[in-house]
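Spelled out, the chains give:
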Amino acid sequence: MTNIQIRKANDRDCELIIHFLRAALQDMEAAGGHGVNSDETFWQNFTEKVIKTIQQNDRLHLLAQTGNAVVGYLEGKSSALHEVFAPKRNFHLNAIYVVPEARNQGIATSLFQKALRWATEQGCQEADLNVLVNNSNAKGLYKKIGFTVFRYEMRMQLPTNR
């Protein structure tokens, strides 16, 4: 296993975070997910939103480094379940990405371990994430870490009106 350093991201890491987010979204698109926004102006504006979330106490942005290279990213959020449910804090994993050449070296697992420790410290009692049906590599990793299927989201395409 590679020597992996996990650290919290800061404002100066925003460009790298956007790069990782776009790469993760492209992987998701290739696995049957939604198409990625290609408008560069959008991404410039989105960078400002990410900078704001880095500074929020309920958000976690982690970077994984091996040697001098940053090779992975994880972002999640701690929040209470909707008020209609019994009170419970939840950690939702919004994004995880490891560069292809560094996969299968324990980097994603290390990111998860650090994130789940943080979530526990925040008082979270459970963690969840979304995964595409066709993303068997991600599903295998998540099962290995301990995630189980909780619910299914179902969709259908509607006819377009033109």
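Residues numbered from 1 in each chain as written. Predicted model: local features only at pLDDT ≥ 70, side-chain atom pairs only at ≥ 80, totals over all residues. Heavy atoms only, no water.

### Side note on the overall build of the chain
Okay, step 1: Secondary structure summary: the chain contains four helices and five strands in total.
Okay, step 2: In the chain, the order of α-helices and β-strands from amino to carboxyl end is β-α-α-β-β-β-α-β-α.
Okay, step 3: Relative to a compact globule of 162 residues, whose C-alpha radius of gyration would be 15 Å, the chain shows 17 Å and is just as compact.
Okay, step 4: Principal-axis analysis of the C-alpha atoms places the extent of the chain at approximately 55 × 40 × 30 Å.
Okay, step 5: A buried classification covers 33% of the 162 residues belonging to the chain.
Okay, step 6: Sequence separation of at least 24 residues holds for 63% of the intrachain contacts in the chain that already meet a minimum separation of 6.
Okay, step 7: Of the charged side chains in the chain, 19 are positive and 16 negative, and the gap between their average positions amounts to 5 Å. (Helix = DSSP H or I, 4+ residues; strand = E, 2+ residues; numbered from the N terminus. Rg over C-alpha atoms; globule rule 2.2 N^0.38 Å. Buried < 20%, exposed > 50% of the residue type's maximum accessible area, 1.4 Å probe, protein only. Contact = heavy atoms within 4.5 Å. Lys, Arg positive; Asp, Glu negative; His and termini not counted. Charge placed at Lys NZ, Arg CZ, Asp CG, Glu CD.)

### Here we look at the pattern of salt bridges
Okay, step 1: This model, assessed by the stated rule, comprises six salt bridges.
Okay, step 2: Ionic pairing is found between Arg 22 and Glu 40, a salt bridge with its closest N-O pair at 2.9 Å. On the criterion of sequence distance, the pair formed by Arg 22 in helix α1 (residues 14-30) and Glu 40 in helix α2 (residues 40-54) is long-range, its members being 18 residues apart.
Okay, step 3: Between Glu 75 and Arg 59 there is a salt bridge whose closest N-O contact spans 2.9 Å. Taken together, the residues span a long stretch of sequence, with Glu 75 in strand β3 (residues 69-80) and Arg 59 in strand β2 (residues 59-66) at a distance of 16 residues.
Okay, step 4: Here Glu 75 falls in the buried class, since its relative accessible area comes to 8%. (Salt bridge = Lys/Arg side-chain N within 4 Å of Asp/Glu carboxyl O.)

### Comments concerning the pairing of strand β4 (residues 89-98)
Okay, step 1: Of all ten residues that make up β4, seven are buried, and the element is covered over most of its length.
Okay, step 2: Note: β3 against β4, nine bridges, orientation antiparallel. Within the sheet, the bridge partner assigned to Ser 79 lies in β4 and is Asn 90.
Okay, step 3: Judged from the four bridges that link them, β4 and strand β5 (residues 126-129) form a sheet pairing that is parallel. Paired with His 92 across the two strands is Asp 128, which belongs to β5.
Okay, step 4: In this view, the connection linking β4 to its parallel neighbour β5 by way of helix α3 (residues 107-121) has right-handed handedness. (Pairing = 2+ DSSP bridges. Right-handed = clockwise from strand over helix to strand, strands pointing away.)

### Points about the nonpolar core
Okay, step 1: Among the nonpolar cores identified, the biggest contains 40 residues, and Ile 17, Leu 74, Ile 96, Ile 107 and Leu 111 are the most heavily contacted of them.
Okay, step 2: Elements represented by at least two residues in this core include exactly α1, α2, β2, β3, β4, α3 and α4 (136-145).
Okay, step 3: Apart from the residues within four sequence positions on either side, Ile 96 is in contact with Ala 24, Tyr 73, Leu 74, Ala 108, Leu 111, Phe 112 and Tyr 142. (Core = buried A, V, L, I, M, F, W, Y, C linked by side-chain atoms within 4.5 Å.)

### Some remarks on a nonpolar patch on the surface
Okay, step 1: The grouping of Val 149, Tyr 152 and Met 154 at the surface amounts to a nonpolar patch, some 450 Å² of accessible area in total.
Okay, step 2: The residue Tyr 152 is located in the segment after α4 in this model.
Okay, step 3: Judged by its relative accessible area of 69%, Tyr 152 is exposed. (Patch = residues over 30% accessible without salt bridge, like charges linked within 9 Å, V, L, I, M, F, W, Y side chains within 5 Å. Areas by Shrake-Rupley, 256 points an atom, 1.4 Å probe, with all protein chains shown as cover.)

### A short note on unusual backbone geometry
Okay, step 1: For Asn 104, which is not glycine, the phi dihedral falls at a positive 65°.
Okay, step 2: Positionally, Asn 104 belongs in the loop between β4 and α3.
Okay, step 3: On the basis of relative accessible area, Asn 104 is assigned to the exposed category, the value being 84%.

### Comments concerning the side chain of Asp 13
Okay, step 1: You can see Asp 13 is positioned in the loop between β1 (5-8) and α1.
Okay, step 2: For Asp 13, a relative accessible area of 9% puts it in the buried group.
Okay, step 3: If we ignore the near neighbours within four places in the chain, the residues touching Asp 13 are Arg 7, Lys 8 and Leu 63.

Geometry only, nothing functional implied.
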